[in-house]
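Coordinate inspection notes
Read off the chains here:
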Amino acid sequence: MEWGDLTEITLRSLAVSLSATGVAALIAMPFGAWLAIQPFRGRRWAIATLNALIGIPPVVVGLVVYLLLSRSGPFGVLGLLFTPWAMILAQVVVITPLIASLTHQTVRDLWLRYRDLLVSMNTTRRQRLAILLRDGQRGLMTAGLAGFGRAIGEVGAIMIVGGNIDHATRVLTTAITLETSKGNLWFAVALGAVLIALSLVVSLGAHALSRGERRAQW
Amino acid sequence: MVRLDQVWITRAGHRLLGPATVTAHPRGVTAVLGPNGSGKTTFLRCLHGLEAPTSGTIEWDAEIAPQDQSFVFQKPVLLRQTVRENVALPLKLRGIKDPDLTEIANTFELNALLGRAAVDLSGGEAQRVAMARAWITNPVLLFLDEPTANLDQATTALVETVIRSTARAGTRVFMSSHSRAQVKRLAQDVIFLDAGRTFGPYDAQEFFENPPQAARTWMEDGT
Ligand SMILES: Nc1ncnc2c1ncn2[C@@H]1O[C@H](COP(=O)(O)OP(=O)(O)OP(=O)(O)O)[C@@H](O)[C@H]1O
Ligand SMILES: [Mg+2]
């Protein structure tokens, strides 16, 4: 592998994991918030299941997505296996429960404090969600970052559904695995350093953005 | 007119209110009095609809729409936003953007605070913001749960003036209070609570001149 590939791999890692985080957040945040304010039968059970899903092994997710996308699988015709799309899909599945659970916690805490006020003001469910998501934005950002951190560091699922194909689906984590097995330890370590730096940059960037937007509130 | 008939509110076997049997023809300010834990907050919440009776019935002769009611909580609840956004919240929820807050800010002396983050306010300041937010919709029915418990004398006087003029203008006010002097100054009617049980309503003047049996012990100690 050439040093020039490093940029490509890094950018692919970022693109895949940021997309996965974005998609997962779009699913998980409204769902987590809804779970926090909506009383229904079996709510506790739903929350327990959600929390259990946080620990779902990525390899298993990879396997299931593989089966779904493989040529003989139900979505085989889409031809997504061994493309970045399959990797994004697998990562979405891996991190959605985590983001949803953290969102649920944040929104639940706020809801317990705001409930009387919001009920008294006769707010619609949509208005409640908007207020809770807005006031809980710091917690939501943490949830998003946690999801991104898990996605970008994940290797089991994307190895299976992406295939670690050079110039197609190779990302930082799968490259580290490959280089290590080839004995290119110095290169693997360099890739690891890039991976950590990336996490830091994204995290600091998100914090800086949110601070610029409004001053610290807690 | 509102009529409560044998209303009980219990939670996990614990009595919050009951038996509450009251027929009130609210005019001006109706004070809700009673010792700590007697159920004043629960009673107000029940009238407002925040608490549903476990048993018994509550009936209004003319239902007052939720958007025509406001409730000021004993502990102010403010959003993590600016004072301005907090005060304007009820209007924003009704689709009114950038309302003019000059008048309400003057009334509650909030002009210097409008740009501040609500979480940074002192207890008394937060209480004034919560009141401005409750008042901004010109409610027909206003619930105040110990509105001046956190306020200094000057601010209490200010708030009492506002309550009085609001009641004169036709808003019906239910307020709980620990200050008998304040109730004497403001209220036309008194409902007394003791361990969840309601007594009254009494004409306020009569209540203080010749306290009913149930309220006597409570009247004797303290202010
Ligand atoms: N969620 C709850 N679960 C159990 N008991 C409760 C709950 N909320 C209130 N209570 C109890 O119900 C009783 C009435 O409470 P409430 O808050 O209505 O009293 P209050 O008259 O407003 O008291 P204070 O003067 O201290 O404000 C109290 O004994 C209180 O401990
Ligand atoms: Mg109370």
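See the structure above.
Report follows, based on the coordinates. Since this is a predicted model, take the numbers as computed values, not measurements.

1. Quick notes on the overall build of chain A
- Counting secondary structure elements, chain A contains 9 helices and 0 strands.
- Starting at the N terminus, the α and β elements of chain A follow one another as α-α-α-α-α-α-α-α-α.
- Its C-alpha atoms give chain A principal-axis dimensions of roughly 65 × 45 × 25 Å.
- Burial status across chain A gives 46% buried among its 218 residues.

2. Observations regarding the sheet that holds strand S4 (residues 55–60) of chain B
Residues and elements named next belong to chain B.
- Taken in spatial order, the 3 strands line up as S2-S1-S4 in an open sheet, and their pairing is antiparallel. Among the strands making up the open sheet, the edge pair consists of strand S2 (14–24) and S4. Adjacent strand axes in the sheet meet at a mean angle of 20 degrees, parallel and antiparallel pairs treated alike.
- Where strand S1 (residues 2–11) and S2 come together, 7 bridges link them in antiparallel fashion. When the sheet's bridge partners are listed, Leu4 is paired in S2 with Val22.
- Its contacts with the sheet place helix H1 (residues 40–48) against S1, S2 and S4, and it is angled at close to 120 degrees to S1.

3. As for the packing of aromatic side chains
Residues and elements named next belong to chain B.
- For the structure shown, the criterion picks out 13 aromatic pairs over all chains.
- When the centroid spacing of 5.2 Å and the interplanar angle of 90 degrees are considered together, the rings of Phe207 and Phe208 count as edge-to-face. Accessibility classification places Phe207 together with Phe208 in one group, the buried group.
- Taken together, Phe192, Phe199, Tyr202, Phe207, Phe208 and Trp218 form an aromatic cluster joined through their ring pairs.
- Positioned over the ring face of Trp218 is Arg180, at 4.1 Å from the centre of the ring.

4. Thoughts on the coordination of the magnesium ion (ligand 2)
Residue and element names in this part refer to chain B.
- Looking at the magnesium ion (ligand 2), one finds its protein donor set to be Thr41 (OG1) and Gln74 (OE1), positioned 1.9 to 2.3 Å from the metal centre. Residue Thr41 is located in helix H1, and its partner Gln74 is located in the loop between strand S5 (69–72) and helix H2 (83–93); the two are separated by 33 residues in the primary sequence.
- Assessed through its relative accessible area of 27%, Thr41 is described here as partly exposed.
- Under the relative-accessibility criterion, Gln74 is labelled partly exposed at 35%.

5. Quick word on the nonpolar core
Residue and element names in this part refer to chain B.
- Residues Val87, Trp135 and Ile163 are the most contacted members of the largest nonpolar core, which totals 46 residues.
- It is helix H4 (residues 123–135) that contributes the most residues to this core, 7 residues altogether.
- Other than its neighbours up to four places away in sequence, Val87 contacts Leu101, Ile104, Leu110, Val129, Ala132, Arg133 and Ile136.
- Core analysis: the next-biggest nonpolar cluster, separate from the first, contains 40 residues, Val2, Val7, Ala20 and Phe143 among them.

6. Side note on the pattern of salt bridges
- For the coordinates displayed, the defined rule picks out 10 salt bridges over all chains.
- Of the charged contacts in the structure, one is a salt bridge between A:Glu8 and A:Arg12, with a shortest N-O distance of 2.6 Å. Of this pair, A:Glu8 and A:Arg12 both sit in helix H1 (residues 4–37), separated by 4 residues, roughly a single helical turn.
- Between B:Arg11 and B:Glu51 there is a salt bridge whose closest N-O contact spans 2.2 Å. Of this pair, B:Arg11 sits in strand S1 while B:Glu51 sits in the loop between H1 and S4, and the two are 40 residues apart along the sequence.
- Among the residues examined, B:Glu51 registers a relative accessible area of 10% and is labelled buried.

Cut-offs and rules
Residues numbered from 1 in each chain as written. Chains lettered and ligands numbered in written order. Predicted model: local features only at pLDDT ≥ 70, side-chain atom pairs only at ≥ 80, totals over all residues. Heavy atoms only, no water. Helix = DSSP H or I, 4+ residues; strand = E, 2+ residues; numbered from the N terminus. Buried < 20%, exposed > 50% of the residue type's maximum accessible area, 1.4 Å probe, protein only. Pairing = 2+ DSSP bridges. Axes fitted to C-alpha atoms, helices over the stretch in contact; angles between N-to-C directions. Contact = heavy atoms within 4.5 Å. Phe/Tyr/Trp six-rings, centres within 6.5 Å; stacked < 30°, edge-to-face > 60°. Lys NZ or Arg CZ within 6 Å of the ring centre and 35° of its normal. Donors = N, O, S within 2.8 Å, 3.2 Å for Na, K, Ca; no water. Core = buried A, V, L, I, M, F, W, Y, C linked by side-chain atoms within 4.5 Å. Salt bridge = Lys/Arg side-chain N within 4 Å of Asp/Glu carboxyl O.

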